[in-house]
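Observations on chain architecture
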Amino acid sequence: VGYVSRILGSVVSPPYRVFCFEPEQWNFSLLERAVGRSSRSEHFTLSRSAVGAREGSVDIVINPFHHADHRVADSTLID
């Protein structure tokens, strides 16, 4: 988590920034650490939220076995 963000952060120059979105708490903490290790951490804006086509709220289905396999809950993922 944060790999692509760090790559993008290494090539942007002010006034440009990299905006990073991660809704799940554990992954967000990994993102914070990854960006914090960057020598250009001031180029990032982090948000613990999801991004979608419209404003609103969604549920997330957490895969307890793999942190990169969480999904937005929809009718195919909910009982």
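All of the points below concern the structure found in this document. Remember, predicted model here, so these are calculated numbers, not experimental data.

**Some thoughts on the overall build of the chain**
- When helices and strands are tallied, the chain shows two helices and four strands.
- Sequence-ordered secondary structure for the chain, helices as α and strands as β, is α-β-α-β-β-β.
- For the chain, the residues scored as buried account for 24% of the 79 residues in total.
- Considering only contacts within the chain whose residues lie at least 6 apart along the sequence, 60% involve residues at least 24 apart.

**Focus on the side chain of Asn27**
- In this structure, Asn27 sits in helix H2 (residues 25-36).
- Of the polar contacts made by the side chain of Asn27, one reaches the backbone oxygen of His67; its length is 2.8 Å.
- What Asn27 contacts, discounting residues up to four positions off in sequence, is Val1, Glu22, His67 and His70.

**Examining the pattern of salt bridges**
- Counted under the stated rule, the structure contains one salt bridge.
- For Arg71, the salt bridge identified is with Asp69, shortest N-O distance 2.8 Å.

**Let's talk about the nonpolar core**
- One finds Val12, Val18, Cys20, Phe28, Leu31, Val35 and Phe44 forming the largest nonpolar core, which totals seven residues.
- Those elements that place two or more of their residues in this core are strand S1 (18-21) and H2.
- Each residue touching Phe28, except ones within four places of it in the same chain, is listed here: Glu22, Leu46, Ser47 and Arg48.

**Remarks on H2**
- Under the 1.5 Å per step criterion, the end-to-end length of H2 is 16 Å for 12 residues, consistent within 8% with the ideal 16 Å.
- For H2, the complete set of buried residues consists of Asn27, Phe28, Ser29, Leu31, Ala34 and Val35.
- In this structure, the buried side of H2 is in contact with helix H1 (3-9), S1 and strand S2 (44-47).
- A distance of 3.1 Å separates the backbone nitrogen of Trp26 from a side-chain oxygen at the start of H2, and that oxygen is part of Glu24.

Quick notes on the rules
Note that residues are indexed from 1 along each chain, following the sequence as it is written. Only residues with pLDDT of at least 70 are given local features in this predicted model, and only at 80 or more are side-chain atom pairs given and counted; all residues enter the totals for whole chains, interfaces and linings. The basis for the side-chain values is all heavy atoms of the structure; hydrogens and waters are excluded. Where helices and strands are cited, they refer to DSSP runs of H or I of at least four residues and of E of at least two residues respectively, numbered from the N terminus. Here's how the labels work: a residue is buried when its accessible area is under 20% of the maximum for its type, exposed when over 50%, partly exposed in between, all with a 1.4 Å probe on protein chains only. The contact criterion used is simple: two residues touch if any of their non-hydrogen atoms lie within 4.5 Å. Polar contacts, as counted here, are pairs of nitrogen or oxygen atoms within 3.5 Å of one another; within protein the pair requires one atom able to donate a hydrogen and one able to accept it, and residues that are adjacent in sequence qualify only if both atoms are side-chain atoms. Salt bridge, as used here, is a side-chain nitrogen of Lys or Arg placed within 4 Å of a carboxyl oxygen of Asp or Glu. Nonpolar cores were defined as sets of buried Ala, Val, Leu, Ile, Met, Phe, Trp, Tyr and Cys residues, with membership established by side-chain atoms within 4.5 Å. The span you would expect from a helix comes to 1.5 Å times its residue count less one.

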